[in-house]
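Tertiary structure, described
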Amino acid sequence: MPEVRITVDGDLVTDEVEARLLLVHFLRSNANKLGTVVGCDTSSCGACTVLLNGRSVKSCSILAVQADGNSVTTIQGLAGEEWHPVQEAFKECHGLQCGYCTPGMVMSTVDLLSENPNPTEEEIRDGLHGNLCRCTGYHNIVKSVQHAAELMKGGSK
Amino acid sequence: MIPSTFDYVRVNSVDAAVAALRAGGEDAKVITGGQSLLPLLRMRLAAPSILVDCSDIDEMQGVTDNGDSVTIGAATTHWAVMHNDLVKAHVPLLAKATATVADPQIRHRGTFGGALAHGDSAGDLPSVVLALDASMVIAGPDGRRTVSAKDFFVDYFTTAVGADEVLVSITIPKLGAGWGTHYEKFNRTAQGWAIVGVAAAVKVEGGKIVDARIGLTNCAPVPVRASSVEAALTGTSASAAEIDAACASAAAGTHATTDLGADKEYREHLMRVLTSRAVAVAAGV
Ligand SMILES: Cc1cc2nc3c(=O)[nH]c(=O)nc-3n(C[C@H](O)[C@H](O)[C@H](O)COP(=O)(O)OP(=O)(O)OC[C@H]3O[C@@H](n4cnc5c(N)ncnc54)[C@H](O)[C@@H]3O)c2cc1C
Ligand code: FES
Ligand code: FES
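Remember, predicted model here, so these are calculated numbers, not experimental data.

Here's the deal with helix 5 (residues 139-153) of chain A
Residues and elements named next belong to chain A. The terminal C-alpha atoms of helix 5, which comprises 15 residues, lie 22 Å apart, in line with the 21 Å expected from a rise of 1.5 Å per residue. Looking at helix 5, one finds that the buried residues are Ile141, Val142, Ser144, Val145, Ala148, Ala149 and Met152. The buried residues of helix 5 occupy an angular sector of 155° when projected down its axis, which confines them to one face.

Dropping the structure here:
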């Protein structure tokens, strides 16, 4: 079996894996990152979104072997001493109900704001196009992203 | 859902990819972004013996300027294509259409060449390369050959790329002064896939359309040119009424199907309406 070396939330995780192992299962089973969840398992919902070398990807749609030698950030790698401003904003604006889509929403928002720190509402909706939420109707999610953009203008991260 | 077992090799040259495909036999498959392949593997609609990962081959990355054309490496991601300055300046139609493909996560992984080699009739980029008269370089055991876009798409999910071949790059002629372009797409909100899409490039001189190229997405097993509209547009004035009249024949020569997204009649209606809109925007009307 191939050996993969993937940096997950700053720590190097090395393991022998089957080539067919999906990155999301590597993260959950081999790296113990249970914050990253599987929603649809059909590449549609974005609940499994993580950052691969800083860019958002659906971890159910990548093989662990494809990520070999690269660096992954999961929802569990965002906060330091304090919440990441995007997490803070989702909490503040109540950008969730059941919370299942939230890890993916937050990771996509981190990516969106890194590329476009001042998105319009339309740009937010377009930027989160790959993330589905069955609960909120998106209204508070959009508000959360706007609030996160405000918080991040403080230059914190 | 868990894919069936397969071997995996990451190669760093086109020659090594072709050799690995050959050694792997009929069931060896190229993977670049995996954004079409992974869903198929998980549903076990594909069961390759070995995946040959071509996403790390330098020659298949990036965009180069050839003077009158640009060449795009097949493994360049959608995200890199739509943000590339050469593409934005010289092939804006591709940048606009790519921005409508799927969602940010899939655009970060999925590749231009993968989207073409997959040959999905609902894919947005095949009609763009067809409208722009692009050509593709394909490498195989017998060396390299160049195939024009009109010969590249063969049938549903079937292209000119053979089982032991690799799509290396795509060359797209620049359009030059006077041309305007637009990609118009109609899709359901939750799904990026086009019910119908229209790639339009028109050249306007002195208020008249002097040349037009229209590619249609999801109107047949392969992307098609709306040739009768192209002919009807040439010589007309760039006005909303004349453009609309010229686009009445947009469904001629298409083979639209009925599926959950739309029936054939509705698709044909969309072809006329969307072609007219795409041409009007491209012509600056
Ligand atoms: C949820 C979702 C929504 C989508 N929405 C859209 C949309 O709106 N519009 C759209 O156009 N597309 C859409 N796509 C498809 C997406 O654009 C393609 O999945 C992707 O771009 C294909 O490229 P890839 O690099 O991921 O190919 P892969 O998945 O790696 O490969 C696809 C196929 O092409 C072959 N292949 C790949 N690269 C090469 C090569 N260089 N040479 C030879 N063969 C090769 C593979 O063997 C495989 O058969 C969507 C996909 C998903 C999952
Ligand atoms: S679980 Fe990955 S997109 Fe839904
Ligand atoms: S909060 Fe329940 S799916 Fe989004």
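Picking up where we left off.
Re the interface of chain B and chain A
Contacts between the two partners involve 32 residues from chain B and, on the opposite side, 32 residues from chain A. Together, Arg42, Gln105 and Arg109 of chain B form the three largest contributors to the area buried by chain B at its contact with chain A, with a combined 25%. Applying the counting criterion to the chain B and chain A interface returns 2 salt bridges. Among the salt bridges present, the one from aspartate 41 of chain A reaches arginine 42 of chain B, with a minimum N-O distance of 3.7 Å. Our enumeration of links across chain B and chain A arrives at 17 residue pairs in polar contact (both at pLDDT 80 or more). The set of elements that each furnish at least two residues to the side of chain B that touches chain A consists of strand 1 (7-10), helix 2 (37-42), strand 3 (50-53), helix 3 (78-83) and helix 6 (104-109) of chain B. In terms of residue count, the dominant contributor to the side of chain B that touches chain A is helix 6 of chain B (5 residues). Looking at the side of chain B that touches chain A residue by residue, the class counts come to 13 nonpolar, 12 polar and 7 charged.

Some words on the pairing of strand 10 (residues 166-173) of chain B
The side chains of a regular strand alternate between both faces of the sheet. All names here are of chain B. When you tally the buried positions in strand 10, you get 6 out of 8 residues, the bulk of the element. Summarising the sheet, strand 5 (residues 69-73) and strand 10 pair through 5 bridges and their orientation is antiparallel. Residue threonine 71 lies in a different strand from strand 10, and its bridge partner there is threonine 171. As judged from the 5 bridges shared by strand 6 (residues 135-140) and strand 10, these two strands associate in the antiparallel manner. Residue pairing in the sheet places alanine 139 in a bridge with valine 166 of strand 10.

Re the confidence of the model for chain B
In the predicted model, chain B carries a mean pLDDT of 96, and the fraction of residues at 70 or more is 100%. Scored as a whole, the predicted complex attains pTM 0.97, and scored at its interfaces, ipTM 0.96.

Concerning the site of ligand 1
Residue and element names in this part refer to chain B. Around ligand 1, 31 residues are found, and the nearest of them are Val30, Ser36, His78, Thr111 and Asp124. With respect to ligand 1, the side chain of threonine 111 contributes an N or O atom lying 2.7 Å from an oxygen atom. For ligand 1, the protein covers 94% of the area, taking 970 Å² as the surface of the free molecule. Counting residues per element, the ones that place at least two in the shell around ligand 1 are strand 2 (28-31), helix 7 (112-118) and strand 10.

As for the pattern of salt bridges
Residue and element names in this part refer to chain A. Applying the stated rule across the entire model yields 22 salt bridges over all chains. A salt bridge links glutamate 115 to arginine 55; the nearest nitrogen and oxygen atoms lie 3.4 Å apart. Of this pair, glutamate 115 sits in helix 3 (residues 102-115) while arginine 55 sits in strand 4 (residues 55-58), and the two are 60 residues apart along the sequence. The class of glutamate 115 is partly exposed, set by a relative accessible area of 38%.

Observations regarding the environment of lysine 58 of chain A
Looking at the secondary structure, you find lysine 58 of chain A in strand 4. Its relative accessible area of 1% is what places lysine 58 of chain A among the buried residues. As a C-alpha pair, lysine 58 of chain A and glutamate 121 of chain A span 63 residues in sequence and 23 Å in three-dimensional space. The contact partners of lysine 58 of chain A, leaving out residues within four places of it in the chain, are Ser43, Ser44, Gly46, Cys48, Thr49 and Gly130 of chain A together with Asp103, Gln105 and Ile106 of chain B. Of note is the side chain of lysine 58 of chain A, whose polar atom sits 2.7 Å from the side chain of aspartate 103 of chain B.

Structural notes on the domain arrangement of chain B
Residues and elements named next belong to chain B. Splitting chain B by domain gives domain 1 (7-53), domain 2 (62-173) and domain 3 (179-282). Between the C-alpha centres of domain 2 and domain 3 the distance comes to 20 Å. The interface is formed by 22 residues belonging to domain 2 together with 23 residues belonging to domain 3. In total, about 1800 Å² of surface goes out of reach between domain 2 and domain 3, with carbon and sulfur atoms giving 60% of it. Taken together, the connections running from domain 2 to domain 3 amount to 3 salt bridges. A salt bridge links aspartate 133 to arginine 225, with the nearest nitrogen and oxygen atoms 3.0 Å apart. Linking domain 2 to domain 3 there are 8 residue pairs in polar contact (both at pLDDT 80 or more). For the side of domain 2 that touches domain 3, the secondary structure elements donating two or more residues are helix 5 (92-98), helix 8 (125-131) and strand 8 (153-155).

Focus on the pairing of strand 2 (residues 11-16) of chain A
Residue and element names in this part refer to chain A. With 6 bridges joining them, strand 1 (residues 3-8) and strand 2 adopt antiparallel strand pairing. Across the sheet, residue valine 4 finds its bridge partner in strand 2, namely aspartate 15. The antiparallel hairpin formed by strand 1 and strand 2 contains 2 residues in its connecting segment, where aspartate 9 sits at a positive phi of about 50°.

Rules used in this analysis
Throughout this document, residue positions are counted from 1 along each chain, in the order its sequence is written. Key to labels: chains lettered from A, ligands numbered from 1, both in the order written. pLDDT decides what is reported in this predicted model: residues at 70 or higher carry local features, side-chain atom pairs at 80 or more are listed and counted, and totals for whole chains, interfaces and linings draw on all residues regardless. For side-chain calculations, the full set of non-hydrogen atoms in the structure is used, while hydrogens and water are omitted. In this text, helices come from DSSP runs of H or I with a minimum length of four residues, and strands from runs of E with a minimum of two, each type numbered from the N-terminal end. Expected helix span is given by 1.5 Å per residue-to-residue step, counting one fewer step than there are residues. Relative accessible area decides the class of each residue, using a 1.4 Å probe on protein chains only: under 20% of the type maximum gives buried, over 50% gives exposed, and in between gives partly exposed. The arc in question is the one spanned by the directions pointing from the helix axis to the C-beta atoms. We call two residues contacting when some pair of their heavy atoms lies within 4.5 Å. A quick way to say it: buried area is the sum, across both parts, of accessible area lost when two parts are put together, with a 1.4 Å probe. By salt bridge we mean one thing: a side-chain nitrogen of Lys or Arg within 4 Å of a carboxyl oxygen of Asp or Glu. As used in this structure description, the phrase polar contact means that two N or O atoms lie within 3.5 Å; if the pair is within protein, one of them must be able to donate a hydrogen and the other to accept it, and residues adjacent in sequence are counted only when both atoms belong to side chains. Residues are sorted three ways: Asp, Glu, Lys and Arg are charged, Ala, Val, Leu, Ile, Met, Phe, Trp, Tyr, Cys and Pro are nonpolar, and all the rest, Gly among them, are polar. DSSP bridges decide pairing: two strands pair if at least two such bridges lie between them. Per residue, pLDDT captures the predictor's confidence, and it can take any value from 0 to 100. Whether a residue is near a molecule or strand depends on its heavy atoms: it is near if one of them lies within 4 Å of it. Per-residue accessibility takes into account occlusion by the displayed protein chains alone, with areas from the Shrake-Rupley method and a 1.4 Å probe. Boundaries of every domain are those given by an automatic assignment or by a domain database.

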